[in-house]
Amino acid sequence: MNDILLTVKGLKKSYGAVEVLKDISFDLRRGETLSLIGPSGSGKSTCLRCVNYLEKPSGGEIVLEGEHIGRVRTGDGRTRTMTDRELAPQRSEIGMVFQLFYLWPHLTVRDNVALASIKTGRMSKAEAYELAEAMLEKVHLRHKADEYPERLSGGQQQRVAIARALAQRPKLILFDEPTSALDPELVGEVLGVIRELAEEGMSMILVTHEIRFARDVGDRVIFMDGGVIVEEGPAAEVIDHPRKDRTRAFLGQVGHAASTIVRAA
Amino acid sequence: MMLDALPSILTALLAGAVTAAQVAFGAALIAFGLGLALALVNVFTSVAVLRLAIAAYIEWMRNVPALAHLFLLYFGLASVGVRFSPKAAAIIGLGLVGAAVLCDVFSAGMRALHVGQREAALAVGLTPMQALRCVVLPQMLRLTLPSIGNYASQLIKDTSIASAIAAPEIMFYARSLVTSTFQTPLIYASAIALYASIVFPVSWMFNRLERRLGVGR
């Protein structure tokens, strides 16, 4: 039981009258790769963004190693949402990789990776740069440290973004459709890096449309639709033998219905 | 014969140029500081009344000639007992007008940045203030540098209206020299040359800075 790293319990999110997330609950075990799949608008990205409170939930709780994310106890025993300032230390324990990378274009690759370590005062500048180089090595881009992001391909930019998240020494990393904005021929290099992280035992939640990747690399899969979890379980089981009709229909649409998967003998 | 007067004309005009530079520099400081502060409130506040007040300020400053503001500050306030020197009134007046211009420029610059830039900064654990300093402002300034440059050269030229409240700047000296020496073409030509020799290097400097920072790349 104590290998549970993250608990999401009763998570709700509404924009005005529109309920985007309706009572989402799941656990992430330490070292696990959990994939969130589902059609556009199913709430999976919103769900992911609630974990580090970039999106403020309307209800429910996020607990990382016993610590409530984004909530602080007030004097009268109740709780309130933290400010962005109060959230900073908690967010630094959670890496995030965005669909559109969001590297900072005015900083070199090295500075992109080292900025947080320097500014949060975790280490000296020299140590931060040393760590940055090591993390760039992990994504095989150490030789690009002095370049500016705009000089890199999309795949390389996303790998730098992964290095930036790794430099936080995070307890888990959230991936928000990390390959959706990439040219098809660049998807592989990014997935390759994510696969290496999975093999090293990094805890990750991955919102993705790469169903085959979710199946092959992910430990578990959650299929979401309409703001609820429709089905969850071991990755291969959910994707190869979905129990629910909605899961089957979705997988069929994206070309992964069990019947369409042809395996070489 | 006519050119004999040139040294004394230039000496007087140069004294005016010093005042003009002081007015421009002081006004630029106010415009930049106040403009940035207003823009930050404008972009990040959730209080609608504040945004409305800032919008009203900008409209007011833009729709009334700067000269009218200078008259109000210098003559208007004097009549209720608040006395500024002509130079101080010019600095404050042009500064307040400039703050409206730069507030607009900076607000647009920050809105042009993708919200993900700031989100990424918050996600790695920076505080909102650090995100602003390290990620939002540097990019915003780079993005708005051409507009800031335009504003700067406009401001230097606009110091000439301070002559109307008797701030001893270039046009003030030029006019008084004309009335005492009647060397009209020579004096105004010298004044024009002097303005050009100040504004041109400033524009050139901004252009260079834009190229070095790769603005628009």
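How should I be thinking about the overall build of chain B in this particular structure?
In terms of helices and strands, chain B carries 8 helices and 0 strands. In terms of its C-alpha atoms, chain B occupies a principal-axis envelope of roughly 75 × 45 × 25 Å. Here chain B holds 217 residues, and the buried ones make up 45% of them. For chain B, restricting intrachain contacts to residue pairs at least 6 apart in sequence, the fraction spanning at least 24 positions comes to 75%. Here chain B holds 14 positive side-chain charges and 7 negative ones, and the gap between their average locations is 8 Å.

Is there a simple way to explain the sheet that holds strand E11 (residues 220–225) of chain A in this structure?
Where strands meet in a sheet, backbone hydrogen bonds hold them as pairs that are either parallel or antiparallel. Residue and element names in this part refer to chain A. The 6 strands are arranged E8-E9-E10-E3-E11-E12 in an open sheet whose pairing can be described as mixed. The sheet is open, and its two borders are formed by strand E8 (94–97) and strand E12 (228–234), each paired with just one other strand. Neighbouring strand axes in the sheet, compared pairwise and without regard to direction, differ in orientation by 15° on average. Sheet analysis places E8 next to strand E9 (residues 172–176), joined by 4 bridges and oriented parallel. Paired with Val97 across the bridge in E9 is Phe175. Across the sheet, helix H6 (residues 184–199) is in contact with strand E3 (33–37), E9 and strand E10 (204–207); its angle to E10 comes to roughly 150°.

Can you walk me through the packing of helix H7 (residues 170–181) of chain B against helix H8 (residues 184–213) of chain B in this structure?
Each pair of packed helices can be described by the angle between their axes along with the distance between the axes. Residues and elements named next belong to chain B. Interaxial distance between H7 and H8 falls to 9 Å at its minimum, and their mutual angle equals 165°. Regarding the angle of H7 to H8, the classification is roughly antiparallel. Crossing angle aside, the handedness with which H7 passes H8 is right-handed. Packed against H7, whose contacting residues are Ile170, Met171, Ala174, Arg175, Leu177, Val178 and Thr181, the element H8 presents Thr184, Ile187, Tyr188, Ala191, Leu194, Tyr195 and Ile198 at the interface.

Before we go on, may I ask you to explain the nonpolar core in this structure?
Ranked by internal contacts, the top residues of the largest apolar core, which has 44 residues, are Leu6(A), Leu172(A) and Ile205(A). The contact partners of Leu6(A), leaving out residues within four places of it in the chain, are Phe26(A), Asp27(A), Leu28(A), Val51(A), Ile62(A), Val63(A), Leu64(A), Leu172(A) and Ile205(A). Of all hydrophobic cores here, the second largest spans 43 residues; its members include Ala66(B), Ala89(B), Leu145(B) and Ile156(B).

Can you walk me through a nonpolar patch on the surface in this structure?
All names here are of chain B. Nonpolar side chains collect at one region of the surface, where Val41, Val47, Val49 and Leu50 lie side by side and expose about 310 Å² of accessible area between them. Checked against the element boundaries, Leu50 lands in helix H2 (residues 48–63). We classify Leu50 as partly exposed; its relative accessible area is 40%.

I keep staring at the side chain of Ser35(A) and nothing clicks. Help me out?
Here Ser35(A) is to be found in strand E3. Contact partners of Ser35(A), with chain neighbours within four places excluded, come to Leu206(A), Ala214(A), Gly218(A), Arg220(A), Val221(A) and Ile222(A).

Could you clarify how one ought to interpret the packing of aromatic side chains in this entry?
Both the distance between ring centres and the angle between the ring planes are used here to describe each pair of aromatic rings. Under the definition given, this model contains 6 aromatic pairs over all chains. For the pair Phe98(A) and Tyr102(A), a centre-to-centre distance of 5.1 Å together with 65° between the ring planes defines the contact as edge-to-face. By relative accessible area, Phe98(A) is classed as buried at 2%. Relative to Phe106(B), the ring of Phe32(B) has its centre 5.3 Å away and its plane inclined at 75°; by these criteria the two rings are edge-to-face. Separated by 74 residues along the polypeptide, Phe32(B) in helix H1 (residues 6–44) and Phe106(B) in helix H4 (residues 86–112) bring together distant segments of the chain. The class of Phe32(B) is partly exposed, set by a relative accessible area of 31%. A relative accessible area of 0% means that Phe106(B) is categorised as buried. A connected cluster of aromatic rings, assembled from ring pairs, spans Phe71(B), Tyr74(B) and Phe75(B). Sitting over the ring of Trp104(A), Arg164(A) keeps its end group 4.3 Å from the ring centre. Looking at Arg83(B), its charged tip hangs above the ring of Tyr74(B), at a distance of 6.0 Å from the centre.

What's the story with the environment of Glu137(A) in this structure? I'm lost.
Residues and elements named next belong to chain A. Turning to its location among the elements, Glu137 is positioned in helix H4 (residues 125–138). We classify Glu137 as partly exposed; its relative accessible area is 41%. Along the chain, Glu137 and Arg169 lie 32 residues apart, while their C-alpha atoms are 15 Å from each other.

Looking at this structure, how should I read the interface of chain A and chain B?
Size of an interface: often given as the accessible area lost when the parts come together. Contacts between the two partners involve 23 residues from chain A, matched on the other side by 21 residues from chain B. Summed over both sides, the interface between chain A and chain B buries roughly 2000 Å², with carbon and sulfur atoms accounting for 62% of that surface. Linking chain A with chain B are 1 salt bridge. Ionic pairing is found between Glu119(B) and Arg49(A), a salt bridge with its closest N-O pair at 2.7 Å. Remark: the boundary between chain A and chain B carries 7 residue pairs in polar contact (both at pLDDT 80 or more). At the level of secondary structure, the elements contributing two or more residues to the side of chain A that touches chain B comprise helix H2 (84–91), E8 and helix H3 (109–119) of chain A.

Sorry if this is basic, but what is going on with the pairing of E9(A) here?
For a regular strand, side chains alternate in direction, first toward one face of the sheet and then toward the other. All names here are of chain A. Along E9, 5 of the 5 residues are buried, which leaves the element largely enclosed by surrounding structure. Here E9 shows two buried faces, one formed by Leu172, Leu174 and Asp176 and the other by Ile173 and Phe175. For the crossover that starts at E9, traverses H6 and ends in the parallel E10, the hand is right-handed.

Looking at this structure, how should I read the sheet that holds strand E4 (residues 59–64) of chain A?
The strand order across the open sheet formed by 4 strands is E2-E1-E4-E5 (chain A), and the pairing between neighbours is antiparallel. Bordering the open sheet on either side are strand E2 (18–29) and strand E5 (67–68) of chain A, each of which pairs with just one other strand.

For this particular structure, what's the right way to read the packing of H1(B) against H2(B)?
All names here are of chain B. The N-to-C vectors of H1 and H2 enclose an angle of 140°; their axes lie 9 Å apart at closest approach. When the axis of H1 is compared with that of H2, the two are oblique. Crossing of H1 over H2 shows left-handed handedness. In this structure, H1 uses Leu34, Leu38, Val41 and Asn42 to contact H2, whose residues at the interface are Leu50, Arg51, Ile54 and Tyr57. Of the residues assigned to the contact of H1 with H2, the class counts are 6 nonpolar, 1 polar and 1 charged.

Criteria and cut-off values
Residues numbered from 1 in each chain as written. Chains lettered and ligands numbered in written order. Predicted model: local features only at pLDDT ≥ 70, side-chain atom pairs only at ≥ 80, totals over all residues. Heavy atoms only, no water. Helix = DSSP H or I, 4+ residues; strand = E, 2+ residues; numbered from the N terminus. Buried < 20%, exposed > 50% of the residue type's maximum accessible area, 1.4 Å probe, protein only. Contact = heavy atoms within 4.5 Å. Lys, Arg positive; Asp, Glu negative; His and termini not counted. Charge placed at Lys NZ, Arg CZ, Asp CG, Glu CD. Pairing = 2+ DSSP bridges. Axes fitted to C-alpha atoms, helices over the stretch in contact; angles between N-to-C directions. Parallel < 35°, antiparallel > 145°, perpendicular 65-115°, else oblique. Left-handed = near helix turned anticlockwise from the far one by under 90°. Core = buried A, V, L, I, M, F, W, Y, C linked by side-chain atoms within 4.5 Å. Patch = residues over 30% accessible without salt bridge, like charges linked within 9 Å, V, L, I, M, F, W, Y side chains within 5 Å. Areas by Shrake-Rupley, 256 points an atom, 1.4 Å probe, with all protein chains shown as cover. Salt bridge = Lys/Arg side-chain N within 4 Å of Asp/Glu carboxyl O. Phe/Tyr/Trp six-rings, centres within 6.5 Å; stacked < 30°, edge-to-face > 60°. Lys NZ or Arg CZ within 6 Å of the ring centre and 35° of its normal. Buried area = accessible area lost by both parts, 1.4 Å probe. Polar contact = N/O pair within 3.5 Å; in protein donor to acceptor, adjacent residues only side chain to side chain. Right-handed = clockwise from strand over helix to strand, strands pointing away. Nonpolar A, V, L, I, M, F, W, Y, C, P; charged D, E, K, R; others polar.

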